[in-house]
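Survey of secondary and tertiary structure
Take a look at the letters that make up each chain.
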Amino acid sequence: MKLLPDNKTLVVERANKVVYDCGDAMVKVFNTNKPAADILNEALNLTRAEQAGIAVPSFRGVGKEDGSWILSTAKAIGPTLRDMMTAEPDKLTEHLTILADVEIDIHKHTSVLLTHQKDKYARMISQVEALDEATRYDLHMRLDGMPNHIKVCHGDFSPSNVIMTEDGPVVCDWAHATRGCGGADAATSYILFRMRGDDAVADEFLRIYCERQGCDMAYVQSWMSIVAAAELARGRVAKKDLLMSIVHVVDYV
Ligand SMILES: Nc1ncnc2c1ncn2[C@@H]1O[C@H](COP(=O)(O)OP(=O)(O)OP(=O)(O)O)[C@@H](O)[C@H]1O
Ligand SMILES: [Mg+2]
């Protein structure tokens with residue numbers, strides 16, 4: 001089966017991949033140096049999330065064409081929440097409430113098969129050379145003390161990954177999914193807004209998430225330094241100063 005047809009339209013181009021609209025499918029074409037394990041992991045996470053009962057784009061297949069691994073999913077039709085936020089900036093609270101509710105709904109699902117969130121963060125913290133040994137030790141200790149939940153966590157939850165279809169929101173881009181604590185996932189969403197420079201939006205999102213979830217803001221904040229360190233491990237060089245400042249925020253939870 002040919003996953004990448006000749007008739008295709010470019011959707012986004014990133015440093016490590018290109019995404020094409022192929023009519024009824026969306027196809028991600030990764031750079032040739034991207035290991036097969038990463039693509040298979042993303043495909044597995046997507047199908048695990050689907051098995052857990054979450055609305056995701058259906059998996060179409062993984063293949064290799066012209067030396068590049070590709071991942072095909074059925075196209076979910078509709079604007080992304082990011083499109084809607086851009087088109088109607090005056091409806092910020094409404095859109096952030098939808099975003100928070102979709103994230104909270106993901107966390108209502110459990111999966112014992114996804115990677116452990118704490119294992120993944122521990123690996124990532126160990127990799128961050130920008131942090132000195134004492135800071136990494138503190139982060140590992142903090143992580144050790146975090147609860148061992150088995151909630152499905154998206155790991156990269158942002159408005160561009162939520163497609164608003166006629167049948168309801170569909171969530172794409174499961175490359176970073178784990179099982180763990182929803183608070184870590186909410187902290188990730190907050191930091192993703194901060195990395196765009198949308199600080200006020202980040203604060204508003206955090207407020208709405210905690211209100212809708214019924215949790216203390218301090219709970220989400222207790223994950224911030226760990227999640228910021230994990231983002232550093234992803235090589236966010238341009239955001240290093242911001243992420244370092246979040247890692248070093250002292251909280252008293
Ligand atoms: N199955 C799908 N149905 C509809 N749109 C999709 C689908 N898969 C991807 N997209 C669109 O393509 C965009 C990029 O795909 P994806 O999020 O998987 O890659 P990404 O590199 O992580 O991009 P980003 O950095 O924007 O999150 C998404 O934001 C979404 O708009
Ligand atoms: Mg995405």
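Quantities reported herein were computed from a predicted structural model and do not represent experimental measurements.

Before going further, it helps to examine the coordination of the magnesium ion (ligand 2). Ideal geometry at a metal centre gives angles of 109.5 degrees when four donors are arranged tetrahedrally and 90 or 180 degrees when six donors are arranged octahedrally. Within the protein, the atoms that donate to the magnesium ion (ligand 2) are Asn161 (OD1) and Asp173 (OD), at distances of 2.1 Å. One end of the pair, Asn161, is in the loop between β6 (151-153) and β7 (162-165); the other, Asp173, is in the loop between β8 (168-171) and β9 (178-180), with 12 residues separating them in the sequence. Take Asn161: its relative accessible area is 6%, and that puts it in the buried class.

This part covers the sheet that holds strand β3 (residues 25-30). Pairing in this open sheet of 5 strands is antiparallel, and the strands run β1-β2-β3-β5-β4 from one edge to the other. Unpaired on one side and paired on the other, β1 (9-13) and β4 (59-65) mark the two borders of the sheet. On average, each strand axis in the sheet is inclined to that of its neighbour by 20°, with strand direction left out of account.

Looking at the assigned domains, one finds that the protein contains domain 1 (9-74) and domain 2 (81-247). Using C-alpha coordinates to define each centre, domain 1 is positioned 21 Å away from domain 2. With 13 residues of domain 1 at the interface, the matching set in domain 2 holds 15 residues. Of the roughly 1100 Å² buried at the junction of domain 1 and domain 2 (both faces included), carbon and sulfur atoms supply 64%. Per-residue buried area on domain 1 facing domain 2 is highest for Asn45, Arg48 and Ile54; these three make up 42% of the total on that side. Between the two partners, domain 1 and domain 2, sit 1 salt bridge. At the junction of domain 1 with domain 2, the criterion picks out 5 residue pairs in polar contact (both at pLDDT 80 or more). Taken together, the residues of the side of domain 1 that touches domain 2 sort by class into 7 nonpolar, 3 polar and 3 charged.

Thresholds applied
- Residues numbered from 1 in each chain as written.
- Chains lettered and ligands numbered in written order.
- Predicted model: local features only at pLDDT ≥ 70, side-chain atom pairs only at ≥ 80, totals over all residues.
- Heavy atoms only, no water.
- Donors = N, O, S within 2.8 Å, 3.2 Å for Na, K, Ca; no water.
- Helix = DSSP H or I, 4+ residues; strand = E, 2+ residues; numbered from the N terminus.
- Buried < 20%, exposed > 50% of the residue type's maximum accessible area, 1.4 Å probe, protein only.
- Pairing = 2+ DSSP bridges.
- Axes fitted to C-alpha atoms, helices over the stretch in contact; angles between N-to-C directions.
- Domains from an automatic or database assignment.
- Contact = heavy atoms within 4.5 Å.
- Buried area = accessible area lost by both parts, 1.4 Å probe.
- Salt bridge = Lys/Arg side-chain N within 4 Å of Asp/Glu carboxyl O.
- Polar contact = N/O pair within 3.5 Å; in protein donor to acceptor, adjacent residues only side chain to side chain.
- Nonpolar A, V, L, I, M, F, W, Y, C, P; charged D, E, K, R; others polar.

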